[in-house]
Amino acid sequence: MEAVLKALKENPYLKLIADNFKDYPQEIYLVGGYLRDLFLNTPASNTQASRRIDFDFAVSCEAIKISRQIARKLKSGFVVLDKVHGSSRIVHIKNGFSSNFDFTDFRGSTALTTGGQDIFADLGHRDFTINSLAVNLRAIKNARTIDTILLDPYSGRADIKARLIRVTSQFSLQEDPLRILRAFSLSAILNLRIEAKTKIAIKKYKKKITSSAFERISEELFKILNSGNGFKAFKAMDEYRILDELMPEIKVMRRVRQGPYHHLDVFGHAFEALRQIELLFSELRRNRNVQGYLNKVISGTHTKRALLKLAAFLHDIGKPAAKERIKGKTCFHGHERIGRNIARDIGERLRLSNDEKNALDKMIFWHLRPGYIADIENLSQRAIYRFFRDAQDEAVSILLLSIADQRSTRGPLTRGANRKHHEDVCLGLAREFFRKAKQIKRLPLVNGYDIMRHLKLLPGPLIGKILEEINEAQAAGEIETKPQALELARRFLKTG
């Protein structure tokens with residue numbers, strides 16, 4: 001445990017805040033995730049292991065006023081998070097590292113001066129025991145052992161040792177229902193298990209979860225999806241029908257049987273696709289191109305990796321509405337179009353950005369396309385060009401989703417040889433995507449004015465069709481010069 005004290009003493013960010021708090025009489029305690037992670041010995045508590053590190057401080061009073069003054073002194077960003085509860089954030093960036101310093105007035109306290117028991121009242125309002133640890137920031141410098149300065153009124157250290165998530169009080173989930181989802185996100189990220197009585201409380205208060213702002217719900221959901229345990233956490237949440245509360249559209253997927261290529265119903269297949277895509281990510285962990293692509297941040301803290309997992313879970317959500325029997329066969333024609341529209345509604349509710357919603361659209365709408373491509377006996381450069389044109393930046397997402405989707409179908413009509421061919425085609429196209437991304441983009445051989453002038457045409461949709469035909473031919477290597485492009489335009493117009 002002395003390694004914890006050493007880390008606290010040597011952390012330059014804690015020294016920075018302690019030094020800037022010298023002129024204020026208020027009490028200040030380090031609480032929350034950073035302290036918890038030190039005891040868990042996770043990489044998140046090591047500033048060298050992350051480009052961003054977060055600290056939470058509980059202040060006896062006037063947290064917003066003091067932190068605003070410190071932010072000015074540090075020439076750092078500042079934002080008020082919650083005026084009612086006295087919560088604010090300093091965003092400090094130095095030498096490529098970003099740090100968030102969150103300051104909040106003691107919870108459960110009406111005192112306006114430093115108080116002997118206020119910090120204990122504050123800790124009683126924390127979500128889980130593992131987050132109810134506190135250390136007096138001013139006492140760190142001269143401390144001889146961690147035990148002399150650590151406050152642990154709810155046995156958080158014992159639960160950390162047991163790797164257990166336990167509510168701090170019986171009122172914890174009522175006070176903030178989002179903590180229900182946070183229990184699963186902490187479990188997924190830190191590989192902890194949820195204690196039995198906490199599970200009972202989760203079941204009791206699950207319907208209150210949507211009373212939380214969906215921006216907050218989305219953040220916790222994406223923490224789960226960005227971890228390596230998305231499938232495990234989603235299955236655990238489904239035991240209490242929590243996913244039904246967040247995405248009621250998924251209810252209709254239950255018990256919808258599929259054809260002989262499938263061994264699971266639509267709902268079971270959704271979970272299996274999520275499991276398979278996590279396994280696929282693990283298989284490709286040494287592929288720098290793929291990992292760089294998956295780690296790309298689309299919006300805020302939401303990565304493409306997390307969004308692709310959500311797409312895997314929702315890719316067949318349109319099947320129940322599309323299901324029909326045609327000549328004795330179960331068919332789901334158009335389910336990708338229906339599913340895209342349903343997923344957009346879910347994205348709206350989860351307050352996803354436009355970029356995220358558009359990406360989710362493409363992943364779901366085109367998820368069948370790689371399968372059709374794999375069935376083409378002699379795949380042409382034009383077919384490849386059209387796929388990349390339609391899929392755009394989501395091409396690799398769609399290809400990986402297609403592999404996971406295919407691996408999730410193990411019905412009596414599935415064949416191993418077909419699956420291997422399908423995966424070879426998808427991975428080959430992914431390599432082609434990254435190869436093309438590194439190439440210098442070729443300039444168009446002609447533009448719309450060239451076409452109108454050469455063929456004596458007026459502006460209109462026809463010009464766009466001709467240009468697209470020329471672009472396809474150029475991508476396929478069929479033409480290389482402007483005269484060839486204009487000749488192709490003339491032939492295209494003539495053949496109509």
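(A) The pattern of salt bridges, seen in detail. The full count for this structure, using the stated rule, is 45 salt bridges. Arg182 serves as the salt-bridge partner of Asp127, at 3.1 Å between the closest nitrogen and oxygen. Pair noted here: Asp127 is in the loop between α5 (118-124) and β6 (134-136) and Arg182 is in helix α8 (residues 178-190), with a separation of 55 residues, a long-range link. Accessibility assignment for this pair places Asp127 and Arg182 in one class, buried.

(B) Broad picture of the packing of helix α10 (residues 214-226) against helix α15 (residues 304-314). Following both chains from N to C, one finds α10 and α15 inclined at 95°, their axes separated by 8 Å at the closest point. As summarised for this structure, α10 and α15 are arranged roughly perpendicular, according to the angle between their axes. Contacts from Phe222, Leu225 and Asn226 in α10 reach Arg305, Ala306, Leu307, Lys309 and Leu310 in α15. Looking at the contact of α10 with α15 residue by residue, the classes come out as five nonpolar, one polar and two charged.

(C) Main features of unusual backbone geometry. One non-glycine residue, Arg255, lies in positive phi territory at about 60°. Its place among the elements puts Arg255 in the loop between α12 (242-246) and α13 (266-283). Residue Lys456 is not a glycine yet carries a positive backbone phi of 55°. Considering the arrangement of structural elements, one finds Lys456 in the loop between α23 (448-455) and α24 (461-475).

(D) Highlighting the packing of aromatic side chains. If you walk through the whole model with that rule in mind, you get 20 aromatic pairs. With centroids separated by 6.3 Å and ring planes inclined at 50°, the aromatic side chains of Tyr13 and Phe101 adopt a geometry described as tilted. Of the two residues, Tyr13 sits in helix α2 (residues 12-20) while Phe101 sits in strand β5 (residues 97-105), which places them 88 residues apart along the sequence. We note that Tyr13, like Phe101, is buried. Centroid distance Phe365 to Trp366: 4.8 Å. Interplanar angle 75°. Geometry classified as edge-to-face.

(E) Examining the layout of surface pockets more closely. Empty space within the second largest pocket amounts to approximately 1,100 Å³. Along its surface, the second largest pocket is lined by 33 residues, and Tyr261, His262, Leu368, Tyr372 and Gln406 are the ones closest to its centre. For the lining of the second largest pocket, the elements supplying multiple residues, two or more each, are β13 (329-331), α17 (335-349), α19 (369-374), α21 (395-407) and α22 (416-438). For the lining of the second largest pocket, the element with the highest residue contribution is α22, accounting for four residues. Class assignment of the residues belonging to the lining of the second largest pocket gives a composition of eight nonpolar, 16 polar and nine charged.

(F) Representation of the sheet that holds strand β2 (residues 52-59) in the model. One open sheet holds the seven strands; their spatial order is β3-β4-β5-β2-β1-β6-β7, and the pairing between them is mixed. On the outer flanks of this sheet lie β3 (77-82) and β7 (150-151), each paired with one strand and no other. In this fold α2 packs onto β1 (28-31), β2, β4 (87-94) and β5, with an angle of close to 45° to the strand it touches most, β5.

(G) Geometry of the side chain of Arg369. With respect to the helices and strands, the residue Arg369 is situated in helix α19. With relative accessibility at 17%, the residue Arg369 sits in the buried group. A distance of 3.4 Å separates the side chain of Arg369 from the backbone oxygen of Arg386, its partner in a polar contact. Among all residues touching Arg369, those that are not within four sequence positions of it are Arg386, Phe387 and Asp390.

(H) Molecular detail of the nonpolar core. Counting residues in hydrophobic clusters, the biggest one holds 125 residues, and the most contacted among them are Leu8, Phe57, Phe103, Phe234, Met247 and Phe313. Ranked by residues supplied to this core, first place goes to α13 with nine residues. Residues within four places of Phe234 in sequence aside, it is in contact with Leu221, Ile224, Leu225, Leu243, Met247, Phe271, Leu274 and Phe313.

(I) Structural view of the environment of Arg193. On the secondary structure map, Arg193 appears in strand β9 (residues 193-194). On a C-alpha basis, the gap between Arg193 and Gly464 in space is 57 Å, while along the polypeptide they are 271 residues apart. Excluding anything up to four places from it in sequence, Arg193 contacts Ala162, Arg163, Leu164 and Ile165.

(J) View of the pairing of β3. Bridge analysis of β3 against β4 gives five bridges, and the strand direction is antiparallel. Among the inter-strand pairings, Phe78 is bridged to a residue of β4, identified as Ile90. Where β3 folds back onto β4 in an antiparallel hairpin, the turn is made up of four residues, including Gly86, whose phi is positive at roughly 65°.

(K) Layout of α22. With 23 residues, α22 should cover 33 Å at 1.5 Å per step; its first-to-last C-alpha distance of 34 Å lies within 8% of that length. Buried within α22 we find Arg419, His422, Glu423, Val425, Cys426, Leu429, Ala430, Glu432, Phe433 and Phe434. Summarising the contacts, the buried residues of α22 are in contact with α14 (288-294), α19, α20 (381-391) and α21.

(L) How the structure looks around helix α4 (residues 63-74). Here α4 spans 16 Å end to end across twelve residues, near enough to the 16 Å set by a 1.5 Å rise per residue. Within the span of α4, buried status applies to Ala63, Ile64, Ile66, Ser67, Ile70, Ala71 and Leu74. Summarising the axial view, the buried residues of α4 lie within an arc of 165°, below the 170-degree limit, and thus occupy one face. Exposed residues on α4 whose side chains face more than 90 degrees from its buried face are Arg72 and Lys73. Those residues of α4 that are buried lie in contact with α2, β2, β3, β4 and β5.

(M) Representation of the packing of helix α1 (residues 2-10) against helix α3 (residues 33-40) in the model. Interaxial distance between α1 and α3 falls to 9 Å at its minimum, and their mutual angle equals 140°. Considering the angle they form, α1 stands oblique to α3. Seen along the crossing, α1 lies across α3 with a hand that is right-handed. Residues Val4, Ala7 and Leu8 of α1 touch α3, and the partners they reach there are Tyr34, Leu35, Leu38 and Phe39. Tallied by class, the residues present in the contact of α1 with α3 amount to seven nonpolar, no polar and no charged.

The rules behind these values
- Residues numbered from 1 in each chain as written.
- Predicted model: local features only at pLDDT ≥ 70, side-chain atom pairs only at ≥ 80, totals over all residues.
- Heavy atoms only, no water.
- Salt bridge = Lys/Arg side-chain N within 4 Å of Asp/Glu carboxyl O.
- Helix = DSSP H or I, 4+ residues; strand = E, 2+ residues; numbered from the N terminus.
- Buried < 20%, exposed > 50% of the residue type's maximum accessible area, 1.4 Å probe, protein only.
- Axes fitted to C-alpha atoms, helices over the stretch in contact; angles between N-to-C directions.
- Parallel < 35°, antiparallel > 145°, perpendicular 65-115°, else oblique.
- Contact = heavy atoms within 4.5 Å.
- Nonpolar A, V, L, I, M, F, W, Y, C, P; charged D, E, K, R; others polar.
- Phe/Tyr/Trp six-rings, centres within 6.5 Å; stacked < 30°, edge-to-face > 60°.
- 1 Å grid on protein atoms, 1.4 Å probe; cavity = no way out; pocket = protein on both sides within 12 Å on 5 of 7 lines; lining within 4 Å.
- Points joined across faces, edges and corners; volume = space filled by probe spheres on them.
- Pairing = 2+ DSSP bridges.
- Polar contact = N/O pair within 3.5 Å; in protein donor to acceptor, adjacent residues only side chain to side chain.
- Core = buried A, V, L, I, M, F, W, Y, C linked by side-chain atoms within 4.5 Å.
- Expected span 1.5 Å × (residues − 1).
- Arc of directions from axis to C-beta.
- Left-handed = near helix turned anticlockwise from the far one by under 90°.

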